[in-house]
Amino acid sequence: MVEKKTVIVTGGNGFIGTNMVRLLINSKAYRVVNLDALTYAANALSLADLEGSQDYVFVKGNITDSELVSSLFDQYQPAGIFHLAAESHVDRSIVSPEDFMQTNVVGTYRLLEAARAYYVTLAEEKKQEFRFLHVSTDEVFGSLGADGYFTEETPYAPNSPYAASKAASDHFVRAYHHTYGLPTIITNCSNNYGPYQFPEKMIPLMILNALSGKPLPVYGDGSNVRDWIYVEDHCKAVKLAFEKGTVGGEYAIGANNEQKNVNLVNKICSILDDIAPPIEVPQLRERGLKSYTELIQFVTDRPGHDRRYAIDSARITRELGWQAEVGFEAGLRQTVDWYLSNPKWVDQASGGSYSEWIEKNYAWRADAQRESK
Ligand SMILES: NC(=O)c1ccc[n+]([C@@H]2O[C@H](COP(=O)([O-])OP(=O)(O)OC[C@H]3O[C@@H](n4cnc5c(N)ncnc54)[C@H](O)[C@@H]3O)[C@@H](O)[C@H]2O)c1
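Quick summary incoming for the structure in this document. Here the structure is a predicted model, which is why all the values come from computation and not from measurement.

### Section: the overall build of the protein
Looking only at helices and strands, the protein has 14 helices and 12 strands in total. Computed over its C-alpha atoms, the radius of gyration of the protein comes to 20 Å, within 12% of the 21 Å expected for a compact globule of 373 residues. Structurally, the protein occupies a C-alpha span of about 70 × 45 × 40 Å along its principal axes. Burial analysis of the protein (373 residues in total) assigns 57% to the buried set. Restricting to contacts in the protein with at least 6 residues of sequence separation, those with at least 24 account for 81%. As displayed, the protein offers around 15,500 Å² of accessible surface, 49% of which is attributable to carbon and sulfur atoms.

The following block contains the structure:
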């Protein structure tokens, strides 16, 4: 039997982090130390079933805490780090960029410093194995017009404070490879969807608003385009990049699945019409809705809203043999099913500071609930 590798995952209680931790542990090849500050975006229920497992350690803490991060490297002697912890919501970055600067830029820098100090202490064989895998976004490349795709060669042109903070962190990761020889890999992925996504993001927001009869807010005229990938496909690509990727390299990841926002919302409505028709939902019965599409509302656009994202992932396919496996119709249906089947998780995620934030901060639009990411 192959010995399991210990790795640190940051942000394991977030959306992609939860799916990443599960993939690593289920592969039977990894033991995971999950470092997460449990911000508003985390959900303690997401990984509750792993508590007590020999392959899983949870550490509540902040990636900006150098002492803590260094102590984790010393104690667990990991074969690498999957760095996912971030402030990830574009709308929040417009309202309060400071948190994005702290976590995404300063936090990534502190992790790099701790990794560098640890890396130089390793024996040659362990050095060969070590990787610093930085999970990043296609938003660092800015906005596309009607044609073309983002690739690993696309120049950086971040437009939102979120994208700027991720771009800065990518640059630090790259610099730590070129300057100090730290074995880094950066992945830039398109919009993810799937289970465990916090309800402020577009797809869960639409599902949950629809089921409670609230408006389905679509920014502008709904024609902005996003390229959607099922979260497990993304996590498989990240795992492959960690295991086989070129050191110092970057990989653009996408599932070749461009959707106009309004079409996506229509698809969600049609799945819901099929599996939870409004007439069968007790709180909606009185409203006489025939379809959830009647709840769609076009609202004032997000400031600086990028027009189109689309990824050409030819490099990771060619070099590592990765391909997305989950088709959009099937993945979206699975996602809708998951939100319908996990009301406790949804309740925990939707209450408290999240609803307060919505009330206070959506200043550029009159109504409170909105589409995002
Ligand atoms: N969601 C997407 O569509 C998408 C696409 C491409 C890349 N990414 C990137 O993937 C990563 C994960 O995204 P996500 O959507 O899962 O985010 P998320 O907001 O759902 O989760 C972020 C997690 O990081 C933790 N965290 C935040 N600040 C922290 C800090 N200072 N110290 C420790 N933990 C902290 C939170 O508690 C949370 O568990 C991010 O780096 C993001 O930029 C996301």
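### Section: the sheet that holds strand β5 (residues 131-137)
Taking strand neighbours across the sheet as the criterion, the 7 strands line up as β3-β2-β1-β4-β5-β6-β10 in an open arrangement whose pairing is parallel. Both outer strands of the open sheet, β3 (56-60) and β10 (250-253), are each paired with one neighbouring strand and no more. The mean angle between the axes of side-by-side strands here comes to 20°, regardless of whether they run parallel or antiparallel. Strand direction decides the pairing type here: strand β1 (residues 5-10) and strand β4 (residues 80-83), joined by 3 bridges, are parallel. Within the sheet, the bridge partner assigned to Val 9 lies in β4 and is Phe 82. On the sheet, helix α4 (residues 98-119) packs against β1, β4 and β5 and is oriented at approximately 165° with respect to β5. This element, helix α8 (residues 231-244), spans β1, β2 (30-36), β4, β5, β6 (184-189) and β10 of the sheet and lies at about 150° to β5.

### Details of the pairing of β2
In terms of residue burial, β2 counts as a mostly covered element, since 6 of its 7 residues are buried. Between the parallel pair β1 and β2, the chain is carried across by helix α1 (residues 15-26), and the sense of this crossover is right-handed. Bridging between β2 and β3 involves 5 bridges; their strand directions are parallel. Along β3, the bridge assignment pairs Leu 35 with Val 59.

### Quick notes on the nonpolar core
Nonpolar side chains in soluble globular proteins tend to end up buried together. Ranked by internal contacts, the top residues of the largest apolar core, which has 68 residues, are Phe 82 and Tyr 292. Here Tyr 292 is in contact with Ala 210, Leu 211, Leu 216, Cys 269, Leu 272, Asp 273, Ala 276, Pro 277, Pro 278, Val 281 and Leu 284, once residues within four sequence places are set aside. Judged by nonpolar contacts, the second largest core, of 24 residues, contains Leu 72, Phe 73, Ile 81 and Ala 85.

### Quick notes on the packing of aromatic side chains
Taken as a whole and judged by the stated rule, the model has 22 aromatic pairs. Between Tyr 196 and Trp 338, the aromatic rings sit 4.8 Å apart at their centres with planes inclined by 55°, giving tilted as the arrangement. Here the residue Tyr 196 occupies a position in the loop between β7 (191-193) and α7 (202-211), and Trp 338 occupies one in helix α12 (residues 328-341), the gap between them amounting to 142 residues. With relative accessibility at 15%, the residue Tyr 196 sits in the buried group. With a centroid separation of 6.3 Å and an interplanar angle of 75°, the aromatic rings of Tyr 196 and Trp 345 are classed as edge-to-face. One end of the pair, Tyr 196, is in the loop between β7 and α7; the other, Trp 345, is in helix α13 (residues 343-350), and 149 residues separate them in sequence.

### Details of the site of the ligand
Taken together, 29 residues lie near the ligand, and Ile 16, Asp 36, Ser 88, Tyr 162 and Lys 166 sit nearest. In this structure, an oxygen atom belonging to the ligand sits 3.0 Å away from a main-chain N or O atom of Thr 39. Measuring from a nitrogen atom of the ligand, one finds a backbone N or O atom of Ile 63 at 3.0 Å. A total of 840 Å² of accessible area belongs to the ligand in isolation, and the protein chains cover 99% of it. Of all elements in the fold, only α1, β5, α6 (161-180) and β7 reach the threshold of two or more residues within the shell around the ligand. Top element by residues in the shell around the ligand is β5. It accounts for 3 residues. Residue composition of the shell around the ligand, grouped by class: 13 nonpolar, 13 polar and 3 charged.

### Quick notes on the side chain of Asn 224
Here Asn 224 lies in the loop between β8 (216-219) and β9 (225-230). Relative accessible area serves as the criterion here: at 1%, Asn 224 is assigned to the buried category. At a separation of 3.4 Å, a polar atom in the side chain of Asn 224 contacts the side chain of His 305.

### Section: the pattern of salt bridges
The tally for this structure, following the rule as stated, stands at 14 salt bridges. With a shortest N-O distance of 2.8 Å, Asp 91 and Arg 302 are connected by a salt bridge. Placement of Asp 91 in helix α3 (residues 90-95) and of Arg 302 in the loop between β12 (296-299) and α11 (314-320) is noted, with a sequence separation of 211 residues between them. Side by side, Asp 91 and Arg 302 carry an identical accessibility label, which is buried. Where Glu 258 meets Arg 308, a salt bridge forms, and the shortest distance between an N and an O atom there is 2.8 Å. Of this pair, Glu 258 sits in strand β11 (residues 258-260) while Arg 308 is found in the loop between β12 and α11, placing the two residues 50 residues apart along the sequence. The exposure class assigned to Glu 258 is partly exposed, which follows from its relative accessible area of 30%.

### Details of the sheet that holds β11
Strand order in the open sheet formed by 3 strands is β7-β9-β11, and the pairing between neighbours is mixed. Edge positions in the sheet fall to β7 and β11, since each of these pairs with one other strand and no more. When the angles between neighbouring strand axes are averaged without regard to direction, this sheet yields 50°. Relative to β11, β9 runs antiparallel, the two being bridged by 3 bridges. Residue pairing for β11: Asp 227 is matched across the bridge by Glu 258. Packing of helix α9 (residues 261-275) onto the sheet brings it into contact with β9 and β11, and relative to β11 it is tilted by some 90°.

Cut-offs applied
Along each chain, numbering runs from 1 in the same order as the chain's sequence is written. Given that the model is predicted, a residue must reach a pLDDT of at least 70 before its local features are reported, and side-chain atom pairs must reach 80 or more before they are shown or counted; all residues, however, enter totals for whole chains, interfaces and linings. Side-chain metrics rest on all non-hydrogen atoms present in the structure, leaving aside hydrogens and water. Runs of E in the DSSP output that reach at least two residues are strands. Runs of H or I that reach at least four are helices, and both are numbered from the N terminus. Only C-alpha atoms enter the radius of gyration, while the globule expectation follows 2.2 Å times N to the 0.38, with N the number of residues. Accessibility here uses a 1.4 Å probe with only protein chains present; expressed as a share of the type maximum, an area under 20% marks a residue as buried, one over 50% as exposed, and anything in between as partly exposed. We call two residues in contact when some of their heavy atoms are within 4.5 Å. Using the Shrake-Rupley algorithm and a 1.4 Å probe, accessible areas are obtained, with residue cover drawn only from the displayed protein chains. The criterion for strand pairing is that DSSP finds at least two bridges linking the strands in question. What counts as an axis is a line fitted to C-alpha atoms, over the stretch in contact for a helix, and the angles between N-to-C directions run from 0 to 180 degrees. Seen with its strands pointing away from the viewer, a crossover is right-handed if its path from the first strand over the helix to the second goes clockwise. Buried Ala, Val, Leu, Ile, Met, Phe, Trp, Tyr and Cys residues form a nonpolar core when they are joined through side-chain atoms within 4.5 Å. Pairs were defined over the aromatic rings of Phe, Tyr and Trp, the Trp ring being its six-membered one, requiring ring centres within 6.5 Å. Orientation was assigned from the angle between planes: stacked under 30 degrees, edge-to-face over 60, tilted for the rest. Consider each residue's heavy atoms; a residue with any of them within 4 Å of a molecule or strand counts as near. A 3.5 Å cut-off defines polar contacts: any pair of N or O atoms within that distance qualifies, except that in protein one atom must be a possible hydrogen donor and the other a possible acceptor, and neighbouring residues in sequence count only when both atoms are side-chain atoms. Residues are grouped as follows: Ala, Val, Leu, Ile, Met, Phe, Trp, Tyr, Cys and Pro are nonpolar; Asp, Glu, Lys and Arg are charged; every other residue, Gly included, is polar. Salt-bridge detection follows one rule: a side-chain nitrogen of Lys or Arg within 4 Å of a carboxyl oxygen of Asp or Glu.

That is the geometry; function is a separate question.
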